[in-house]
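Remarks on the overall topology
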Amino acid sequence: MNLRARAGWAVVPTVLSLLVGVSAAAAGTTPAAREPQYDLLIRRGHVIDPKNGTDALRDVAVKDGKIAKVAERIDAREAERTVDASGKYVTPGLIDLHAHLFTGPEGAYADGFQSVAPDGFTFRSGVTTAVDTGSAGASNFAQFKKNVIDRSKTRVLAFLNIVGKGMAGGDFEQDLNDMQAGPAAEVALQYPEIVVGIKTAHYEGPEWDAVERSVEAGEKADIPVMVDFGANRPERPLAQLLTEKLRPGDIYSHAYSGNRGELGADGKLNPGLHAGRERGVLFDVGHGGGSFAWEVAVPAMKERFQPDTISTDLHITSMNGGMKDMANVMSKFLALGMPLKDVVAASTWRPAQAIGHEELGHLSVGAPADLSVFTLEKGRFGFVDSFGFRIDGKQKLLCELTVRGGEVVWDLNGRAAQVWKPGSGQGDGEH
Ligand SMILES: [Zn+2]
């Protein structure tokens, strides 16, 4: 009932007003402030907001697509719509730092069938911002933008591939002639709101050119570089990449793959990883279909080598394999003993910082109202790596509800929906 409807009670005759005393009294004592001032209120959830150091029960109110208030108690009558999040965790909307979203009919990752349409796979796991990592390059970025980015509710950002044709597959990604810093930087500067970095991936040659030209483009456009180090070549060792070639703020993805010497024969991490971290190089999970190994992750976590950023490397193969989705990859790090608040930080505020979008990844008043509600389920769960091996865990994050720009875009159990009663009708239908 809104204030206008309530106001009618104030003029009913005295006798009748006794019958409806409670409502009349409420109307009489209801100042204008009771007019719902928030669009949405998520109540009684345990908020984990690493940027603001919040790890406690809080109510979160949303207005006009922005976070309007976070407090221990916010009156439900002040909100148009209320979601009860008791027993749940409320986090900033997740930022998946490594995904492949340039879907289309022609190729695999670039304009292809391995990439996935963002909205179909992001919201259901709590992701509100997804960063495409190099599916497109300078020559097909405009197509990616038009076909996917501009048509998605998910906030899609992108690392631009140093290869002009992006992840066009096979020989295209080995062609040094198509890896030019100039055009890559130019397109990055043309779309500063979307392009957040430069990506090199899948390069198999012995030269450093793919990395060096990416860094050159990153320098020109003043953005970080993300590296998928391609084939493991003795001519360009991993430790040298991390201690000499990359700059602080550049990102090494697939950090727990074991595919490029991340783990030594002694069962310890390549000291280059620790040295790289010391210099400010960031380490991203990028789980994917072939890039996450318990064989590496378990000893790495024993050395306290937690990821800076947790990400999926989302594509058709990975999501149907051991990776599955963001919530599942986060749960794997819980199974490895990483504290929940660190897992949330690595999936929200840390990636926001890594891509220089510090307006994202937190629930400060005035920030975009992107947030997610999770159940931390207890039981026995199996988690499979990219190589078919399972470890068991006792808890698993399940995404209950996702809000993007103030709009409920995923609601597993209808927590934001009205309860149906006979005669409720059909309303306005599903939005
Ligand atoms: Zn990838």
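Keep in mind it's a predicted model, so treat the numbers as computed, not measured.

Below, the discussion takes up the environment of Gly423. With respect to the helices, strands and loops of the structure, Gly423 is situated in the segment after strand E16 (407-411). Distance in space between the C-alpha atoms of Gly423 and Lys165 is 57 Å, their sequence separation being 258 residues.

In this numbering, the UniProt entry assigns the feature "domain: Amidohydrolase-related" (unreviewed entry) to residues 89-229 and 301-376. As annotated, residues 89-229 comprises 24% helix and 30% strand, and the C-alpha atoms at either end are separated by 36 Å. The span residues 301-376 is 37% helix and 8% strand, and its two end C-alpha atoms sit 22 Å from each other.

With that settled, consider the pairing of strand E2 (residues 54-63). Within a regular strand, side chains alternate between the sheet's two faces. One ladder, built from eight bridges, connects strand E1 (residues 38-49) with E2; its direction is antiparallel. Across the sheet, the residue bridging to His46 is Leu57, located in E2. The antiparallel hairpin formed by E1 and E2 contains four residues in its connecting segment, where Gly53 sits at a positive phi of about 65 degrees. One ladder, built from five bridges, connects E2 with strand E3 (residues 66-71); its direction is antiparallel. Of the residues in E3, the one forming a bridge with Val62 is Ile67. As consecutive antiparallel partners, E2 and E3 are separated by two residues, and within that stretch Asp64 has a phi angle of approximately 50 degrees, a positive value.

Right, let's talk about the sheet that holds strand E11 (residues 225-227) for a bit. Here seven strands make up an open sheet; going across it, the order is E6-E8-E9-E10-E11-E12-E13 and the pairing parallel. Single-partner strands in this sheet number two, and they are strand E6 (94-99) and strand E13 (282-283).

This paragraph deals with the pairing of strand E15 (residues 390-404). With 12 bridges joining them, strand E14 (residues 371-384) and E15 adopt antiparallel strand pairing. Directly across from Leu376, in E15, lies its bridge partner Leu397. Here E14 folds back onto E15 in antiparallel fashion, the turn holding five residues, of which Gly388 has a positive phi close to 85 degrees. In this sheet, E16 lies alongside E15 in antiparallel orientation, the contact comprising four bridges. When the sheet's bridge partners are listed, Thr402 is paired in E16 with Trp410. From the end of E15 to the start of E16, which pair antiparallel, there are two residues, and Gly405 there has a positive phi angle of about 55 degrees.

Below, the discussion takes up the nonpolar core. Formed by 119 residues in total, the largest nonpolar core has its most connected members in Ala158, Leu160 and Ala188. Considering every element that reaches this core, the biggest residue donor is helix H12 (residues 326-335), with seven residues.

Turn by turn, an α-helix covers 3.6 residues, leaving residues three or four places apart pointing in a common direction. Burial analysis of H12 places 10 of its 10 residues in the buried class, which makes it a mostly covered element. Among the residues making up H12, those that are buried are Met326, Ala327, Asn328, Val329, Met330, Ser331, Lys332, Phe333, Leu334 and Ala335. Those residues of H12 hidden inside the fold are in contact with E6, strand E8 (127-137), helix H13 (340-345), E14 and E15. Taken from the residues just after H12, Gly337 is the one with a positive phi, measuring 95 degrees.

Okay, helix H9 (residues 271-279) next. For H9, the set of buried residues is Gly272, Leu273 and Gly276. In an axial view of H9, the angular spread of the buried residues amounts to 105 degrees, which keeps them on one side of the axis. Projecting away from the buried face of H9 at angles above 90 degrees are the exposed residues Pro271 and Glu278. Buried residues belonging to H9 abut helix H8 (238-245), strand E12 (251-252) and E13. Within two residues after H9, Gly280 carries a phi angle of roughly 100 degrees, on the positive side.

The rules behind these values
- Residues numbered from 1 in each chain as written.
- Predicted model: local features only at pLDDT ≥ 70, side-chain atom pairs only at ≥ 80, totals over all residues.
- Helix = DSSP H or I, 4+ residues; strand = E, 2+ residues; numbered from the N terminus.
- UniProt positions renumbered as here; feature names shortened; annotations may be inferred.
- Pairing = 2+ DSSP bridges.
- Core = buried A, V, L, I, M, F, W, Y, C linked by C-beta atoms within 7 Å.
- Buried ≥ 20, exposed ≤ 12 C-beta atoms within 10 Å, placed from the backbone.
- Contact = placed C-beta atoms within 7 Å.
- Arc of directions from axis to C-beta.

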